[in-house]
Amino acid sequence: MTDHYYSKQPQAESIPRHWSFELRGRMFQFTSDVGVFSKNEVDFGSRLLIEAFQEPEVNGSILDVGCGYGPIGLSLASSFPDRCVCMVDVNERAVELAQKNAEINKVSNTTIFQSDLYEQLHEKMFASIVTNPPIRAGKKIVHAILEEAYHYLENHGELWVVIQKKQGAPSAKDKIEAVFGNVEIVTKKKGYFILRAKKFD
C-alpha cells in the first residue's frame, strides 16, 4: 500500500524533523515526520491562510479540518486564547505530532483527535472552520470538506479555505457558493486563493 499524508496509519518509517517557524508574530517549535503533509516546513498555502484569517464575529470554537502536525490550528489558538481550537485529521501520526506540538509550544486551548473529515465531531458547532484541504485525496474528498462544513457552523459562522488555482480553486469557489450562497476571495498570492464564506440560516 502506498503511503499518503491522508492515510489513516502511515507505514513509512518515522524520521522526525524539528524546526522553528514564526506565525502571526510568534515563534513556534515544530516537530514533523515522514507520512504527513509538508514535513519539512510550514507550506506557503498554510502560511497564507494563517496570516489572512480574521476572528469570527460570533462566539464559539474554531475547527481546523486536516490539521496535519498543527501549524494552522496552533497558531490560531495562540492568537485567540479565549477560544477553543478543535483540530482533526484522519492521519494518526499527524494527530500525535499536533498533540506533541501543542505541548511543546504550551498551547492549551486545543482539542486534537483523529477523525475522518467530520465523522467524530457529532453535534459540535463552530464559529469558524479553516482548512488546507488534502488535494491529493481527490476532488470528492475536498468538496465533501467544503460542503459538510455548512452543517457544523453556527449562524454567521465562517468557512476559510486555501487552495491553489491549478489544483481546483475555481471549482472549489463554485462549490462553496452553491452551498453557502456566497463566497469571497480574501486574498490571492503565487497562485493560492484564500476563500471565505459565511453561513446564513
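It should be noted that the structure appears before, not after, this text.
Structure report, in brief. All values reported here derive from a predicted model rather than from experimental measurement.

Some words on the sheet that holds strand E7 (residues 153–164)
Across the sheet, seven strands lie side by side as E5-E4-E3-E6-E7-E9-E8; this open sheet has mixed pairing. Sheet topology places strand E5 (110–114) and strand E8 (184–189) at the edges, where each strand pairs with a single neighbour. The sheet shows a mean angle of 15° between the axes of neighbouring strands, direction not considered. By the bridge criterion, four bridges tie strand E3 (residues 62–65) to strand E6 (residues 126–131) in an arrangement that is parallel. Residue pairing in the sheet places valine 65 in a bridge with threonine 131 of E6.

So, the environment of cysteine 84
Its place among the elements puts cysteine 84 in the loop between helix H2 (71–79) and strand E4 (85–89). Among the residues examined, cysteine 84 registers a relative accessible area of 29% and is labelled partly exposed. Those residues in contact with cysteine 84 that lie beyond four places of it in its chain are Ser61, Ile62, Asn109, Thr110 and Thr111.

Considerations on the environment of tyrosine 152
Considering the arrangement of structural elements, one finds tyrosine 152 in the loop between helix H4 (139–149) and E7. By relative accessible area, tyrosine 152 is classed as buried at 15%. Along the backbone, tyrosine 152 and methionine 125 are 27 residues apart, and their C-alpha atoms lie at a distance of 4.8 Å. Residues in contact with tyrosine 152, not counting those within four places in the same chain, are Tyr118, Leu121, His122, Lys124, Met125, Phe126 and Ile129.

Some thoughts on unusual backbone geometry
Backbone geometry at arginine 24 places phi at a positive 50°, although glycine is not the residue there. As for its position among the elements, arginine 24 is in the loop between strand E1 (17–23) and strand E2 (26–32). Of note, leucine 117 is a non-glycine position whose phi angle comes to about 55°, a positive value. Structurally, the position occupied by leucine 117 is in the loop between E5 and E6. The exposure class of leucine 117 is buried, given its relative accessible area of 17%.

Structural notes on the packing of H4 against helix H5 (residues 169–180)
In helix packing, the relevant descriptors are the interaxial angle and the interaxial distance, both defined with respect to the helix axes. At their nearest, the axes of H4 and H5 sit 9 Å apart, and the two run at 30° to each other. Here H4 is positioned roughly parallel relative to H5, judged by the angle of their axes. Crossing geometry of H4 relative to H5 is assigned as right-handed. Between H4 and H5, the residues in contact are Lys139, His143, Leu146, Glu147 and Ala149 and Ser171, Ala172, Lys175, Ile176, Val179 and Phe180, respectively. Split into classes, the residues belonging to the contact of H4 with H5 amount to six nonpolar, two polar and three charged.

Side note on the pairing of E4
Within E4, five of the five residues are buried, which leaves the element mostly enclosed by the surrounding structure. Of the two faces of E4, the one holding Val85, Met87 and Asp89 and the one holding Cys86 and Val88 are both buried throughout. As paired elements, E3 and E4 share four bridges and run parallel to each other. Each residue of the ladder has a partner; that of aspartate 64, found in E4, is methionine 87. As for the winding sense of the linkage, the β-α-β connection from E3 through H2 to E4 is right-handed. Both E4 and E5 contribute to a ladder of five bridges, which runs parallel. Counted as the bridge partner of valine 85 is threonine 110 from E5. Considered for its hand, the β-α-β crossover made up of E4, helix H3 (residues 92–104) and E5 is right-handed.

About the cut-offs
- Residues numbered from 1 in each chain as written.
- Predicted model: local features only at pLDDT ≥ 70, side-chain atom pairs only at ≥ 80, totals over all residues.
- Heavy atoms only, no water.
- Pairing = 2+ DSSP bridges.
- Helix = DSSP H or I, 4+ residues; strand = E, 2+ residues; numbered from the N terminus.
- Axes fitted to C-alpha atoms, helices over the stretch in contact; angles between N-to-C directions.
- Buried < 20%, exposed > 50% of the residue type's maximum accessible area, 1.4 Å probe, protein only.
- Contact = heavy atoms within 4.5 Å.
- Parallel < 35°, antiparallel > 145°, perpendicular 65-115°, else oblique.
- Left-handed = near helix turned anticlockwise from the far one by under 90°.
- Nonpolar A, V, L, I, M, F, W, Y, C, P; charged D, E, K, R; others polar.
- Right-handed = clockwise from strand over helix to strand, strands pointing away.

Take it as geometry only, folks, not as evidence of what the structure does.
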